Every structure is written in structure tokens, then in C-alpha cells.
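The primary structure of each chain is shown beneath.
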Amino acid sequence: METKSVQKDKNFFQKLLAHPGFRSFAAALACILIGLLIGYIVLLIINPSHAGEGMSTILKNFMTRNSEKLRLKSLGNTLVKTAPLLLCSLSILFAYKAGLFNIGAAGQYVLGAGAALYCALALNMPWYVCLLAAVLAGAVFGAISGALKAYLNVNEVISCIMLNWISLYTVNSVLKDFCPVGYKDTFTLVSKNPSAMLPTLGLDGIFGNSSVTIAIPISILIAVAIWIILTKTKFGYEIKATGYNRNAAKYCGMREKQNIILTMVIAGSLAGLAAALLFLSDFSQWDINQSSVPTMGFNGIAASFLGGLHPLGAIFSAYFIQHITDGGASLDTRFYPVQIADLISAIIIYLCGFVLFIKLKMLKASGGIPQKRPDMEADIKHDAENKKGGDK
Amino acid sequence: MQQIMLLIQYTLVYASVLTLVALGGCYSERSGVINIGLEGIMVMGALGGALVLGCISPDLPGIVIFLAAVLAAIVFGMLFSLLLGVAAINFKADQTLAGTAMNMLGLALATVIVKALNIAASGGSNNSAEIAYTATREKLLLAQGTEFSMFMILTAIILAAAYVLLYKTRFGLRLMACGEHPQAANSVGISVAKMRYAGVLISGALGGIGGLVYITAGVSKANFEVGVAGFGFLALAVMIFGQWKPHRIVLAALLFGVFRALANVNNGFDFLTALNLPQPVYNMLPYIISLIVLAFTSKNSHAPKAEGIPYDKSTR
């Protein structure tokens, strides 16, 4: 790119640092390492004698199981939850490309879960109808935030948060009629409507885990599809242009309002689909007593930023986040609270805020600090100039 | 009649929380830093206050308990808000991202700390994230059996102080200048970084107190796994509805407070019972109302011009 002219007199490291992909990778790695280090320090403070053991439980996750069979099954469990996490992170990164912070993925996910389970348990629909219902439900909530942003200038972060709580209360009250008497969880699909379960295509046999379904390949295919949309299509180009500078996009004849709404619709449907992939796997049931919005959507923020806001990077970062979350869940609760893993993810997200700074330092170290910072333009998604303040 | 008294009490409690936190947000945004992390700050402030209320002897005079808890909430809130200050002011990070991370971090950190304390105190058998403070909370009430507490007086004092500080002092005017046009402020010798730190720290202190008031509202134990149920964001809506002005913020907070209070006491009113709305509708009301209010007020909002934009000296 811009560094071509000065590339001759550089050593190996400088060449490596001059590559934007490597800088993203190295910055993500730095965030993970610092996050894990702080997590380890927290373990040490709480209970020094078990800290090493606790950290290895978090990092090893399924590898701590005794037999090959159990390890595979446990890996399957992590993968089942990675698929929705990946879709949530795609939802957030897709919106972020258009300059929108879709913190509402959490609520779109909740509504998707409600729609899928309602179709499955109340209407006895087959799985593909449930899936579609979840996608539509998420899309509707996405569209509301998008329209409020485009036409009424409502900050999407705040409208999304409000919708998160609205969807939680709605879904809890809609699903409360579909629980076995005396239980707070909804019926399992297997007991009520097996046709609503996602097909497995033999994947359940490979992992020895009945919850491993086509959800996993679907999520990876969608990640690839999002990557193609963003990099190879006109629509993707317009979205990114709107994200860089909404006014410039409008000036160039792009329908920036429509693009904002469409972006949120797609982001919403991805989050809705995420919920369907989890709940139609019959892996877990909806708890109608839950009083806070499920963390899946928020962890999606971690996954998307850790993956360098790249759809393919998100595949790996989503797996990593789910890996340490499941590892954290198997911590010995006599010594440690399981939320340590949440703490580590939160620290990693916080550190992702510094990624731009880290990348800039690396760019300087590569010897290629450009005069008019063309490379930063590719890195900064929220360039200060195009926000112009008062963005409420 | 009794129900109306109850509604007034809860309205004032929730309006106090929203006023305090929205004023915090107002100070931060007036200095030019968007503070989405208020929710996390509230949780940390609540943690500080709850730790004091849980440990301090209930035999002490009420005012001592009150001051100790408020002080702890302020310290915890301010320390936590430094995370936003460092990221937004020194490292020019994306303020929305940093704030979101703080919300998750505050919840996770408070849960981990409280659970670790409970685990240590019980030898591993109690791993709940709850702190109880029944006896000390009663000391904070102005009249036993009601919800009128010292916090309401504190809120009134803070509100008046916030108004005077922002509009009538050199500090406040300088703070606002940094949120409107930091380049101009800097060119006359005002340190934008210092002013923005001041704004963020004040929001930390007020958010912390707000968190403490929230967890003592009608309940005598705090469960940190639940956090503060989106109140930090409601406060942001109150702030926008109040157009970043303290005297309007308090009116907006009262409006939201009524709807939030209805979720607690709706079953006592005949005309509401006649409507026969399910409880979840009342729970949703504050959020629905704020969405509607935002839809009508955001178009012509008077947000500080430079909020959310990291200050870069070279743009002067």
C-alpha cells in the first residue's frame, strides 16, 4: 500500500508490521494476553493456592475431561454455543461497518428466541418455520432502531438498550405458558415437538452429542457470506461508505437512510437467527424468570472487536470467547466465582478500545508512518471527522 | 390514599436515582466525553456503598452511616470512571466501546468481588452475589416505614450545586466550553484534558451515589448478578430529554420516576386494576416511554457539539 516506496530498507519485523492483517492479529493477541494476565492476577488475589489450577481450567476447557469421548462431547457443547455467539458478533460487526453500534443484538437475540420457541411449542411448526420466525423477529427490532436513527436521529445505542429490556419482558411473559408445571424453563423440543429440532446431518454421531446440529456449519457459511457481501458487493461498499461519512455517502447519491435501516435489519436478523440456532438445537431452554438480558449479545461485541472486525476473524474470536467462558463455568465454585470468565471477556473488550493506539504504535515501529495517514483511514471506523458531534 | 403516598415515595426514590445519574452523564458529556458506561459506574458505586452498609455497625448514628456509605460510593464510582477517562482522553479510544466494556466489567467485577467475599466468609458454602443490610438501611430513612430517606435531601443539594457549578462558576463555563469547542477553549489556555477528566470524575461520583440510592430503594439487599437493570441507560434518556440542562433533567427524572414507580405499586389503584394490564407491561413502561420521548426529542437535540470526539491539539 502506501509503504511500497520505502519498503526496500526494512528488516523482517518491519515488513511484518507493515501488513495490516498482521497488525490486527498482533493487537488482538496483545488484548487476549493482557486480559488473561489480569484474570490470573484476580485469581491470585481471591485464592492464591488454586490460581494456577483455576487458570488452566479456564484455558483448557474440554481438554480437562478424562476420556476421548467426553472431550469430544464437551467440545461439541462449546461449539453449539459458539454458533450463536458467532452470529451475534457478525450482527454487531456488520452494523459497525455502517457506523452503527448494535448493542441491541442482545435484545434481537431475545426476541428471536421468543419467536422460535413460540412457533415450536405453541404452533407446532417445523424447524425451518421457527428459524424464519426468529430471523423476522430480530429483523423487526433491528428495523425499529434503524428507522429511529435514520429519520429521528435517536442514538441507536440507547434505543437498542430500551428494546433489549422490552424484548426481555415480552418474551418472558409470552413463554410463561409453555413450561412444565412448576418449572421455570420451557419444555424441551424433544418432549413436545421434535420436528422443530434442527437437522443434524450425522454431526451428532461424530461428537456423540445430540445438540450438535447444522447450526455450526450454517454459522460459518454465514460468516463467509457476510465477508463476501462486505468486500465484493455494491451494497457492502455503500454500507462502508455510509459508515465512514454519512454525509459524503449521501452526496454521492447513496440512499444513506435506507442503507442505515437495511443494515440494522440484516444485523437484527443475524442476531435473531443466532437465538434460533441455539434454542432449536434443544441444547438449553428459555428461563422465564431471568431478570437480566442474556449475555450472548454482549459477548458478541467482544468477539467482533477481538476478531479485528473481520467476519472470518470473528469465527476464531467467537470460539475463543466461548472456550474461556465454558472453561470458566467449570471452575471449582468452592474457590472461585464462575463470572471470572465474564470479567476476562470484559477486560478484553475494554482493551479492544486501545487497539487503534496499539496498531498506530506498530505502524510507527514498522517505519512507515505516513504523512497523511492513509492507513489510519482504513483502521478507524469511527473517524472523528465524520461524527461531527451532537450525534444524538 | 395510602397508595398515592406509596406512589409518591417510589417516584421520588427513582427520580433521585435518575437525577443523580443523569447529572453525572450531563457533566461528562458537557466536557465532551460520551459516558455510556454509567450503568457500570452505578454498579461499582452500589458495591462500595453496599460493602459499607453491610459491614458498618448499625448502632452508629444514622448520619455517620449515611456519610460513610456515600463516600464509599463516590470513591468506587470515581475510580471506576477513570477507566473511561484514560481510554477516552489519553488514548483517544472509541468512547462507545469503552463505555460498553465498562458496563460489562462493572457487573462482572462486582459479582466476582461479592462472590469471592461470600465464598471466603463462608468457607465455600455460600457463593451467592448478595449483600444484605437490613439494619443499616433503616437508619438512613427519615421516617420509619416509608421510603423517604436522606438520599432525597442529598439529591436536592446536589441538584442545586450542579446547577450553580455549571452555569455560575468559572469552572462550569470552562467545562462546557470544552464540550462545545475544545479548540477555542484550549487556545485561551484551558487544559481540555484536565476539564474532561473533571467531567468524567464528577460523572463517576454522581453515578456511584446513584447506584447506592438504587440498591437501597425499597429493598434491603443487593444482588450484584442483576446489576441496576438498565437504569444507567434510562438516565441517559433522561439526560437527553432534559437537553443536558440540570433544571430540565430533574423534571424529566420525575416523569420517568412515576412510570418506574407504577411498576411497583400499580395494583393499588382502582382505575389501573380496571384496565387489567399484565405486570410485564408496567415493567416495560419506563423503557417504552423513553423510546417514545427520544423519538420526539432527538431530532432537535442540543447535544454538546464536540461530544464523543477525542480532542486533538493539531486540529486547533
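As a reminder, the structure under discussion sits directly above these lines.
Everything numeric here is computed off the predicted structure, so don't read it as measured data.

Explanation requested: the overall build of chain A in the structure shown.
Scanning chain A for helices and strands turns up 19 helices and 0 strands. What you see for chain A is a C-alpha radius of gyration of 22 Å, in line with the 21 Å of a compact globule of 392 residues. Seen along its three principal axes, the alpha-carbon backbone of chain A occupies a region of about 70 × 55 × 40 Å. The 392 residues of chain A split such that 56% are buried.

What is the right way to read the interface of chain A and chain B from this model?
How large an interface is tends to be reported as the accessible area lost when its parts come together. Taken together, the 51 residues of chain A in the interface contact 55 residues of chain B. Counting each side, the surface lost to burial between chain A and chain B is near 4,400 Å², with a carbon and sulfur contribution of 76%. At the boundary of chain A and chain B, one finds 0 salt bridges. Summed over the shared surface of chain A and chain B, the number is 7 residue pairs in polar contact (both at pLDDT 80 or more). Looking at the side of chain A that touches chain B, the elements that each hand over two or more residues are α2 (20–46), α6 (127–152), α7 (156–175), α14 (296–306) and α16 (340–352) of chain A.

Sorry, what's going on with empty space enclosed by the protein here?
To locate leftover empty space, one rolls a probe as large as a water molecule over the atoms. Residues and elements named next belong to chain B. Overall, the coordinates contain 2 cavities of 30 Å³ or more when judged by the stated rule. Estimates place the volume of the largest cavity at around 70 Å³. Forming the walls of the largest cavity are V13, S16, R137, L141, E147, S149, F151, M152, V213, T216 and A217. The set of elements that each furnish at least two residues to the lining of the largest cavity consists of α1 (2–30) and α6 (150–168). When the residues that make up the lining of the largest cavity are grouped by side-chain class, the tally is 6 nonpolar, 3 polar and 2 charged.

In this structure, what is going on with the environment of S298(B)? I would like to understand it.
All names here are of chain B. Tracing the backbone through its elements, the reader meets S298 in the segment after α13 (279–297). Placed 58 residues apart in sequence, S298 and I240 show a C-alpha to C-alpha distance of 7.6 Å. From its side chain, S298 meets the backbone oxygen of L294 in a polar contact 2.7 Å long.

The rules behind these values
Residues numbered from 1 in each chain as written. Chains lettered and ligands numbered in written order. Predicted model: local features only at pLDDT ≥ 70, side-chain atom pairs only at ≥ 80, totals over all residues. Heavy atoms only, no water. Helix = DSSP H or I, 4+ residues; strand = E, 2+ residues; numbered from the N terminus. Rg over C-alpha atoms; globule rule 2.2 N^0.38 Å. Buried < 20%, exposed > 50% of the residue type's maximum accessible area, 1.4 Å probe, protein only. Contact = heavy atoms within 4.5 Å. Buried area = accessible area lost by both parts, 1.4 Å probe. Salt bridge = Lys/Arg side-chain N within 4 Å of Asp/Glu carboxyl O. Polar contact = N/O pair within 3.5 Å; in protein donor to acceptor, adjacent residues only side chain to side chain. 1 Å grid on protein atoms, 1.4 Å probe; cavity = no way out; pocket = protein on both sides within 12 Å on 5 of 7 lines; lining within 4 Å. Points joined across faces, edges and corners; volume = space filled by probe spheres on them. Nonpolar A, V, L, I, M, F, W, Y, C, P; charged D, E, K, R; others polar.

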